[in-house]
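Residues per chain, in single letters:
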Amino acid sequence: MCIPPFFRELVMGPADLQRFRKLLLEKRRELLSAQGEARALVPAAGGWEGDVIDQANADAEAELQIQLHRTDGPLARAIEEALARIRRGTYGVCEACGHPISKVRLNAVPWTRFCRQCKEQQATSRR
Ligand SMILES: [Zn+2]
C-alpha cells in the first residue's frame, strides 16, 4: 500500500502513537513522583494513641493537598484523557473540528485536545 507523504504527515501511525504514549507516560510519572516527594515531607498522621492533636501539621497538610490539586490536577487529568484516547484510537484528532492535530503541536503539548486553530478561536472568543 502506498501512502502519500503529506498524508503520512497528518495521520498517526502505530509508531507515532507509541511515541506519544511514551511521552505522556513519562510526563505522568514526573507528576506522580513530584507529588510523592511532597507527600513524603508530611509527617504521618498519628493514630488513636496520640493525645495531642497537632493542629499545625494538620493545617499544613491540608494546604499542601490543595496546592497539589491546583498545580497537578488539570494536567494529570488531561494526560489520563490523552492516554485513554490512544487506547480508543481517537488520539491526535481535534475534538472541536475533527481534523488531525499537527504532530508539531502534539510534540509540544502531547495531551492537547484541540488543533491550534480551534484553540486560538477559543482563546479569542473568550475575550
Ligand atoms: Zn480543530
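Per chain, residues are indexed from 1 in the order of the written sequence. It should be noted that, the model being predicted, local features are given only for residues of pLDDT at least 70 and side-chain atom pairs only at 80 or more, the latter also being counted only at that level, while totals for whole chains, interfaces and linings use all residues.

**Section: the overall build of the protein**
Stage number 1. Each helix corresponds to a stretch of at least 4 residues labelled H or I by DSSP, and each strand to a stretch of at least 2 residues labelled E; elements are numbered beginning at the N terminus. The number of helices and strands found in the protein is 5 helices and 0 strands.
Stage number 2. Each helix (α) and strand (β) of the protein, taken in turn from the N terminus, gives the series α-α-α-α-α.
Stage number 3. A buried classification covers 9% of the 127 residues belonging to the protein.
Stage number 4. Two residues form a contact once the distance between their C-beta atoms, set from the backbone, is within 7 Å. Across the protein, the fraction of contacts at a sequence separation of at least 24, relative to all contacts at a separation of at least 6, is 58%. Comment: burial labels come from other C-beta atoms within 10 Å of the residue's own C-beta, placed from the backbone, where a count of 20 or more is buried, 12 or fewer is exposed, and between is partly exposed.

**Let's talk about the environment of isoleucine 79**
Stage number 1. Tracing the backbone shows isoleucine 79 in helix 3 (residues 55-88).
Stage number 2. Counting along the chain gives 51 residues from isoleucine 79 to arginine 28, while the straight-line C-alpha distance between them is 6.8 Å.

**Remarks on the nonpolar core**
Stage number 1. The nonpolar core is taken to be a set of buried Ala, Val, Leu, Ile, Met, Phe, Trp, Tyr and Cys residues joined by way of C-beta atoms within 7 Å. Counting 10 residues, the largest nonpolar core consists of Met12, Phe20, Leu24, Ile79, Ala82, Tyr91, Ile101, Leu106, Trp111 and Cys115.
Stage number 2. If you list the elements that add at least two residues to this core, you get helix 2 (14-41) and helix 3.
Stage number 3. Excluding its chain neighbours within four sequence positions, the residues that come into contact with tryptophan 111 are Leu24, Ala78, Ile79 and Ala82.

**Remarks on the confidence of the model for the protein**
Stage number 1. Each residue gets a pLDDT score, which is the predictor's confidence in that residue and runs from 0 to 100. When the pLDDT values of the protein are averaged, the result is 80; 67% of them are 70 or greater.
Stage number 2. Ranking the elements of the protein by mean pLDDT puts helix 1 (residues 5-10) last, at 57, and helix 4 (residues 103-108) first, at 94.

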